[in-house]
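Architecture and fold: a report
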Amino acid sequence: MKAGILQSVVETPKGYVQSSSVTYDSKNDRYIDAAVANDGTWFVAYRTVRGNTETSVDHVTSDGKLGRLVIVRTSSTSFTSAGYPGLSGGKPFFTTTCRKS
């Protein structure tokens, strides 16, 4: 973390690289996530945390398609996530469950 900004880089064996940054906006009680990838895609999203639920809502994206991600911590060792193609309602286009072993 540097100057209140957490930075990370994800690299895959197939050459995809994404650089991300996140910072907390105390005035609006939310996190601001920004990322850019080596395939030309990028986004800025606002993320709120309420109880055991994190909701990330796109503010702007490289393709103009806004969506959201909802992550629910189901226990101290697991969470579920769902990605939605719109900002509200709708059916998720993916869901996952992760468990720490």
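Located above this text is the structure these notes cover.
Presented here is a report on the structure given in the accompanying data block. Everything numeric in this text was worked out from a predicted model, so none of it was measured. (Residues numbered from 1 in each chain as written. Predicted model: local features only at pLDDT ≥ 70, side-chain atom pairs only at ≥ 80, totals over all residues. Heavy atoms only, no water.)

**Considering the overall build of the chain**
The helix and strand tally for the chain stands at zero helices and eight strands. Mapped in sequence order, the helices and strands of the chain form the string β-β-β-β-β-β-β-β. Across its three principal axes, the chain shows a C-alpha extent of roughly 35 × 35 × 35 Å. Here the contacts in the chain between residues at least 6 apart in sequence split such that 3% fall between residues at least 24 apart. In the structure as shown, the chain presents an accessible area of about 7100 Å², 56% of it carried by carbon and sulfur atoms. Distance between charge centroids for the chain: 6 Å, based on 12 positive and 8 negative side chains. (Helix = DSSP H or I, 4+ residues; strand = E, 2+ residues; numbered from the N terminus. Contact = heavy atoms within 4.5 Å. Areas by Shrake-Rupley, 256 points an atom, 1.4 Å probe, with all protein chains shown as cover. Lys, Arg positive; Asp, Glu negative; His and termini not counted. Charge placed at Lys NZ, Arg CZ, Asp CG, Glu CD.)

**Considering the pattern of salt bridges**
The full count for this structure, using the stated rule, is four salt bridges. One salt bridge connects Arg30 with Asp25, and the closest N-O pair in it is separated by 3.3 Å. Judged by its relative accessible area of 15%, Asp25 is buried. In this structure, Glu54 and Arg47 form a salt bridge, with 3.5 Å as the shortest nitrogen-oxygen distance. Look at Glu54 and you get partly exposed, because its relative accessible area is 28%. Each of Asp33, Arg47 and Glu54 takes part in one network of salt bridges that share partners. (Salt bridge = Lys/Arg side-chain N within 4 Å of Asp/Glu carboxyl O. Buried < 20%, exposed > 50% of the residue type's maximum accessible area, 1.4 Å probe, protein only.)

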